[in-house]
Amino acid sequence: MRLTHILAAAVMGLFLAGCTTEEVVDSVDVDLKKVTSKTGYELSGKIVQKMQAMSMAKTSPIMLRIFKEEGALEVWKANTANRFEKLREYKICAWSGKLGPKVKEGDRQAPEGYYPLAPGQLNPNSSYYLAINTGFPNQFDRANGRFGTNLMIHGACSSSGCYSMTDEQMQEIFALARDAFKGGQSTIQLQALPFRMTAENMARHRNSPHYDFWKNLKEGYDQFEITKRPPEFAICDRKYVFNKSVAGKMNPTGQCPALSTPPSMEMALANYNKKYDADYEKALKKLDGLVWYEPSEAERKAVVAKQRAGRELAYAPTGTSLDAGKLMKVADLEKQEAHRAELEEAKKAIEIQTAALEHSTRNGKSVPIPQENPLPRPVAQIASASPAPGQAGFWGNLFKKPAPITATDPAAGPLLGEPQTASADTTGQSQTASQTASVKTSRDITAGVPVHVETRKVTVKPGQQGAEPKAVTQAAPADQTTGAQASGEMQIPQAVAEQQPEGKKKPFWKLW
């Protein structure tokens with residue numbers, strides 16, 4: 001069996017650490033600038049000469065075979081002996097999702113299985129240059145509850161569940177299919193397979209949840225490798241059956257009727273499977289303790305990210321799983337898969353929260369307005385004490401005419417500037433009014449630093465009302481003057497004690 005890819009680079013001295021495919025050597029001789037009709041395009045002289053060298057008629061039947069993991073699309077064409085040979089192999093530009101079948105709409109999976117393509121499935125008016133509808137879902141897909149629409153092979157190198165080629169490749173594939181239909185082929189068989197189904201590859205993917213499904217696809221793969229003719233297939237019991245003689249009616253979801261394999265095919269399969277089983281056992285020994293890490297679509301894209309440079313945004317090659325995947329120890333893979341699961345859960349949580357927010361805001365048209373706090377708001381207080389009721393504070397008193405001072409202590413004597421009235425018990429007696437002026441300042445409002453409080457004692461003799469004080473002495477702070485006030489000395493602001501006599505205005509420059 002001839003392979004077009006090489007498995008190399010042993011892992012830990014046992015098996016390959018990664019697999020790469022040979023660069024596809026088939027170049028496409030298509031110049032789109034010279035294509036005047038996409039449906040009428042004629043194949044280049046180079047490919048026609050190759051057909052002639054391989055004993056193929058231009059209009060002989062073809063078969064398409066896809067390998068996801070290797071990222072390859074092959075065109076097989078019948079020769080004059082009615083055996084198919086590989087005419088072309090193209091590198092698939094983009095396929096989305098991971099290995100495994102398409103299950104439902106929107107899962108980004110490209111289909112896997114056997115699909116007959118009729119002339120009506122060729123679409124010359126595709127938005128992706130040209131397209132061929134795969135026919136998904138077929139009877140097998142529907143029997144297994146799989147569904148989806150518009151799964152194509154098309155151009156533009158951009159995939160969301162399809163197999164996407166370059167426009168040049170698609171032009172040549174479309175022309176090959178058109179000529180085969182012109183030659184009388186009723187349907188072209190498409191084999192969409194996860195990988196080349198060799199013993200090594202099957203052993204490498206033995207832990208996949210799709211392994212039983214792939215074993216079923218492998219039956220058709222094996223028979224094509226033996227006969228080099230597209231196998232005839234049908235569906236019963238939700239499985240593919242290939243090249244079987246049927247005694248009864250086939251029901252995709254019902255039990256299979258009596259089936260038999262032609263003796264020649266049965267003998268060929270026995271010899272083929274004998275060699276396969278021996279190769280599979282050898283592969284298992286080499287893979288002991290190792291499992292294959294299947295890369296995500298994003299990981300595949302990262303490998304070929306440089307290919308997008310200078311191209312349109314729609315151009316999105318995905319690379320191959322062989323280049324992005326690797327063999328790992330079982331324990332290491334379990335840890336990596338657990339980490340990936342955590343990331344997926346976090347991503348889903350964010351999506352749920354985002355959806356809830358969008359729903360609550362009605363796409364931004366009705367954003368909830370925060371309600372006012374029902375609790376009373378605290379009033380911001382200045383660090384210094386506020387003036388007592390009736391006091392204007394330092395700045396208020398500065399520009400305010402002093403109000404008359406009324407003594408509340410009978411022993412305090414007459415106030416400054418107030419005429420004296422002799423009473424019966426005070427006539428002829430020498431009276432001295434001892435008054436104490438105090439200057440009190442609160443905290444510096446700007447800096448919040450306490451300021452010392454001064455108390456000045458002013459002695460005023462009778463008949464010297466309004467005169468400048470004769471003696472000023474510094475006393476204790478305001479909070480320690482209780483005894484002075486009790487002894488008959490009245491505390492008054494210094495600014496009041498130093499006021500000018502009536503009729504004489506204080507110059508402006510002495511304001512301070």
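What comes next concerns the included structure. (Residues numbered from 1 in each chain as written. Predicted model: local features only at pLDDT ≥ 70, side-chain atom pairs only at ≥ 80, totals over all residues. Heavy atoms only, no water.)

**Quick word on the state of the cysteines**
Thought 1: Across all of its chains, the model carries two disulfides by this definition.
Thought 2: Two residues, Cys-93 and Cys-157, share a disulfide whose sulfurs are 1.9 Å apart. Here the S-S torsion is close to -75°, and the disulfide linking Cys-93 with Cys-157 is therefore left-handed. With a gap of 64 residues between them, Cys-93 in the loop between strand E5 (84-91) and strand E6 (94-95) and Cys-157 in the loop between strand E10 (152-154) and strand E11 (163-164) connect regions that are remote in the sequence. Accessibility classification places Cys-93 together with Cys-157 in one group, the buried group.
Thought 3: Disulfide pairing places Cys-236 opposite Cys-256 at an S-S distance of 1.9 Å. Torsion about the S-S bond of the Cys-236 and Cys-256 cystine: about 95°, corresponding to right-handed handedness. Taken together, the residues Cys-236 in strand E13 (residues 233-236) and Cys-256 in the loop between strand E15 (245-247) and strand E16 (258-260) connect sequence positions 20 residues apart.
Thought 4: What connects to what in the chain, once the bonded cysteines are numbered by sequence position, is 1-2, 3-4. (Disulfide = S-S within 2.5 Å. Helix = DSSP H or I, 4+ residues; strand = E, 2+ residues; numbered from the N terminus. Buried < 20%, exposed > 50% of the residue type's maximum accessible area, 1.4 Å probe, protein only.)

**A look at the packing of aromatic side chains**
Thought 1: Summed over the entire model, instances satisfying the criterion amount to 13 aromatic pairs.
Thought 2: Between Phe-233 and Tyr-240 the ring centres are 5.9 Å apart and the planes differ by 70°, which places this aromatic pair in the edge-to-face class.
Thought 3: With 6.0 Å between their ring centres and 25° between their planes, Tyr-276 and Tyr-280 make a pair best called stacked. Placement of the pair is Tyr-276 and Tyr-280 together in helix H6 (residues 263-286), with a separation of four residues, close to one helical turn. In this structure, Tyr-276 and Tyr-280 share a single accessibility class: buried. (Phe/Tyr/Trp six-rings, centres within 6.5 Å; stacked < 30°, edge-to-face > 60°.)

**Brief notes about the sheet that holds strand E3 (residues 62-67)**
Thought 1: Across the sheet, which stays open at both edges, the five strands sit in the order E5-E4-E3-E12-E7 with mixed pairing between neighbours. In this open sheet, the two edge strands, each paired with only one partner strand, are E5 and strand E7 (113-117). Each adjacent strand pair in this sheet contributes to an overall mean axis angle of 20°, direction not counted.
Thought 2: Pairing of E7 with strand E12 (residues 188-193), which is carried by five bridges, proceeds in the antiparallel orientation. Bridge assignment links Tyr-115 to a residue of E12, and that residue is Leu-190. (Pairing = 2+ DSSP bridges. Axes fitted to C-alpha atoms, helices over the stretch in contact; angles between N-to-C directions.)

**Considerations on the pattern of salt bridges**
Charged atoms that come close allow side chains of opposite charge to pair.
Thought 1: Across all of its chains, the model carries 17 salt bridges by this definition.
Thought 2: Arg-196 is paired through a salt bridge with Glu-74; the nearest N and O atoms lie 2.9 Å apart. On the criterion of sequence distance, the pair formed by Arg-196 in the loop between E12 and helix H4 (199-204) and Glu-74 in strand E4 (residues 72-78) is long-range, its members being 122 residues apart.
Thought 3: In this structure Arg-196 comes out as buried when scored by relative accessible area, which is 4%.
Thought 4: Taking relative accessible area as the criterion, Glu-74 reaches 1% and is therefore assigned buried.
Thought 5: Measuring nitrogen to oxygen at the nearest pair gives 3.7 Å for the salt bridge that ties Glu-225 to Lys-228. Across this residue pair, the class does not change: Glu-225 and Lys-228 are buried.
Thought 6: By sharing partners, the salt bridges in this structure join Arg-65, Glu-74, Lys-86, Glu-89, Arg-196, Glu-225 and Lys-228 into a single network. (Salt bridge = Lys/Arg side-chain N within 4 Å of Asp/Glu carboxyl O.)

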